[in-house]
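# An overview of the molecular structure
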Amino acid sequence: MTAAAAPATSAVRQLVGASRPVSWVNTAYPFAAAYLMAGGGLDVTLVLGTLYFLVPYNLLMYGLNDVFDYESDLRNPRKGGIEGVVLSRRWHRLTVVAAVATNLPFLVYLVAVGTAASAAVLAVSVFAVVAYSAPGLRFKERPLLDSATSSTHFVSPAVLGLVLAGGEPSRAALAALAGFFLWGMASQAFGAVQDVEADRAAGIASVATWLGAARTVRLAMGLYAAGGVVAALAGWPGGLAGLLVLPYLVSIAPYRSLTDAECERAHAGWQRFLWLNFVTGFLVTQLLIWVALR
């Protein structure tokens, strides 16, 4: 590799790492699944929308987070692997520029082919991404609002897919989306548990620093359970998705009495969560195929 190519390679590696490749599917899949299930076809909007929520959207979401959380990331032992890079200060400006530059063309297209309703959903989605990390807003430091905003990051692509495809807000669709939203809140809350002590030391607020480790885990368990019950209201067979919260409940239950001083033990549960998502995604796909073939 030439001396001139080395910085470019380093920049690309940092940008890709900042976009969290392990999480790409978590935003692209809900959009694509909702679009197809709502009657959308194998068209340009499906392809471009899925590509948008696969990479640019995640670069905006996680890239901004890495830029504005740089100081705390330096002290976070979880950073540096699949859960996120410590984004070198050298690439902060490039990350912001790249995030904006890659998002704009897709946003222009999605607004142009959509309706006022889909544009409103897209605006909420992008605002939630920016508000979570940006100075002056920092929704990630507002207990409970942090969990709701994080969940919006993953549910709003599905809502956009539904609206863009002209789908009706049926009981089944609303139950599935509401259940998914509660699942997202639970997941964000549990994810914050492992950082209770580090966040307090850095002066960062979260639902977990507010409630403490044990109560946050119990809140997450309650939200998972509620999500499962709500998803079950989608009827047969879609309501079977409500059963998919059970592995998450089993996974985090051992931490329900975790003390704040032991919060880092929850990291093992968070690692299981990351892999559970792939299993859940596979099972949801099979369920959607079943629903579509009925």
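Just so you know, these numbers come straight off a predicted model, no measurement behind them. (Residues numbered from 1 in each chain as written. Predicted model: local features only at pLDDT ≥ 70, side-chain atom pairs only at ≥ 80, totals over all residues. Heavy atoms only, no water.)

## With respect to the packing of helix 2 (residues 24-37) against helix 8 (residues 145-164)
Note the cut-off: Fitting a line to C-alpha atoms yields each axis, with helices limited to the stretch in contact; the angle taken between N-to-C directions then spans 0 to 180 degrees. For the purposes of this entry, the term helix denotes a DSSP run of H or I that reaches at least four residues, the term strand denotes a run of E that reaches at least two, and both are numbered from the N terminus. Geometric relationships in this document are graded by angle, where less than 35 degrees denotes roughly parallel, more than 145 denotes roughly antiparallel, 65 to 115 denotes roughly perpendicular, and other angles denote oblique. Helix crossings get a hand from a simple test, with the near helix turned counterclockwise from the far one by less than a right angle marking a left-handed crossing and a clockwise turn marking a right-handed one. Two residues form a contact once any of their heavy atoms are found within 4.5 Å. Throughout, the ten residues Ala, Val, Leu, Ile, Met, Phe, Trp, Tyr, Cys and Pro are labelled nonpolar, Asp, Glu, Lys and Arg are labelled charged, and all others, Gly among them, are labelled polar.
Interhelical geometry of helix 2 versus helix 8 gives an angle of 25 degrees and a closest axis separation of 7 Å. Classed by the angle they form, the pair helix 2 and helix 8 counts as roughly parallel. Where helix 2 crosses over helix 8, the handedness of that crossing is right-handed. Contacts from Asn26, Thr27, Pro30, Phe31, Ala34 and Tyr35 in helix 2 reach His153, Phe154, Pro157, Ala158, Leu160, Gly161, Leu162 and Leu164 in helix 8. Across the contact of helix 2 with helix 8, the residue classes break down as 10 nonpolar, 4 polar and no charged.

## Some points on the confidence of the model for the protein chain
Operational definition: Note on scores: pLDDT gives the predictor's confidence for each residue, bounded by 0 and 100.
Residues at a pLDDT of 70 or more form 90% of the protein chain, whose mean pLDDT is 89. Helix 5 (residues 70-74) is the least confidently modelled element of the protein chain, averaging 58 in pLDDT, while helix 12 (residues 213-232) averages 98, the highest of any element.

## Notes on the nonpolar core
Let me state the cut-off plainly: Residues belong to one nonpolar core when they are buried, are Ala, Val, Leu, Ile, Met, Phe, Trp, Tyr or Cys, and are joined through side-chain atoms within 4.5 Å. With a 1.4 Å probe rolled over the protein chains alone, any residue whose accessible area is under 20% of its type maximum counts as buried; one over 50% counts as exposed, and the rest are partly exposed.
Of all hydrophobic cores here, the largest spans 32 residues; its most connected members are Phe190, Val193, Val217, Tyr224, Ile252 and Phe273. Secondary structure elements with two or more residues in this core: helix 9 (171-193), helix 11 (207-211), helix 12, helix 13 (246-252) and helix 14 (266-293). Here the element with the most residues in this core is helix 9; it accounts for 8 residues. In contact with Val217, other than residues within four places in its own chain, are Phe190, Val193, Ile252, Tyr255 and Arg256. Leu59, Met61, Leu64 and Val121 belong to the second largest nonpolar core, which has 25 residues in total.

## Topic: the side chain of Asn65
Considering the arrangement of structural elements, one finds Asn65 in helix 4 (residues 56-68). Note on Asn65: relative accessible area 9%, which makes it buried. In this structure, Asn65 is in contact with Arg20, Tyr132, Ser133 and Lys140, ignoring residues within four places of it in sequence.

## So, the packing of aromatic side chains
Two aromatic rings are characterised by how far apart their centres lie and by the angle between their planes. The condition that has to hold: We call Phe, Tyr and Trp rings a pair once their centres come within 6.5 Å, taking the six-membered ring for Trp, and we label the pair stacked below 30 degrees between planes, edge-to-face above 60, and tilted otherwise.
Under the definition given, this model contains 16 aromatic pairs. With a centroid separation of 5.8 Å and an interplanar angle of 65 degrees, the aromatic rings of Tyr52 and Tyr57 are classed as edge-to-face. On the basis of an interplanar angle of 35 degrees and a centroid distance of 5.6 Å, the ring pair of Trp275 and Phe278 is categorised as tilted. Here Trp275 pairs with Phe278, and both are found in helix 14, just 3 residues apart, close to one helical turn. Classification of Trp275 by relative accessible area gives exposed; the value is 53%. What makes Phe278 partly exposed here is its relative accessible area of 39%. Put simply, the rings of Phe31, Tyr35, Tyr52, Phe53, Tyr57 and Phe106 pair up and form one aromatic cluster.

## Describing a nonpolar patch on the surface
For the record, the criterion: The patch calculation keeps residues exceeding 30% relative accessible area without a salt bridge and links them within 9 Å when they carry like charges or within 5 Å when they are nonpolar (Val, Leu, Ile, Met, Phe, Trp, Tyr). What sets the accessible areas is the Shrake-Rupley method with a 1.4 Å probe; for residues, cover comes only from the shown protein chains. Take a side-chain nitrogen of Lys or Arg and a carboxyl oxygen of Asp or Glu: if they are within 4 Å of each other, that pair is a salt bridge.
Taken together, the side chains of Val25, Trp275 and Phe278 define a hydrophobic patch exposed on the protein surface, amounting to about 310 Å² of accessible area. Along the chain, Val25 falls in helix 2.

## Here we look at helix 7 (residues 116-133)
Defined as follows: Helices are assigned an expected span. That span is 1.5 Å times one less than the residue count.
For helix 7, spanning 18 residues, the distance from its first C-alpha to its last is 27 Å, which sits close to the expected 26 Å at 1.5 Å a residue. Among the residues of helix 7, those classed as buried are Ser118, Val121, Leu122, Ser125, Val126, Ala128, Val129, Ala131, Tyr132 and Ser133. Where helix 7 is buried, its residues contact helix 3 (44-54), helix 4, helix 6 (92-113), helix 8 and helix 9.

## Re helix 8
Note the following rule: Bend angle per residue: angle between axes fitted to the 7 residues ending at that residue and the 7 residues starting there.
With 20 residues, helix 8 should cover 28 Å at 1.5 Å per step; its first-to-last C-alpha distance of 27 Å lies within 8% of that length. When the local axis directions of helix 8 are compared, the greatest deviation, roughly 40 degrees, occurs at His153, which is followed within four positions by the proline Pro157. Within helix 8, 17 of the 20 residues are buried, which leaves the element mostly enclosed by the surrounding structure. Phi turns positive, to about 75 degrees, at Gly166, one or two residues after helix 8.

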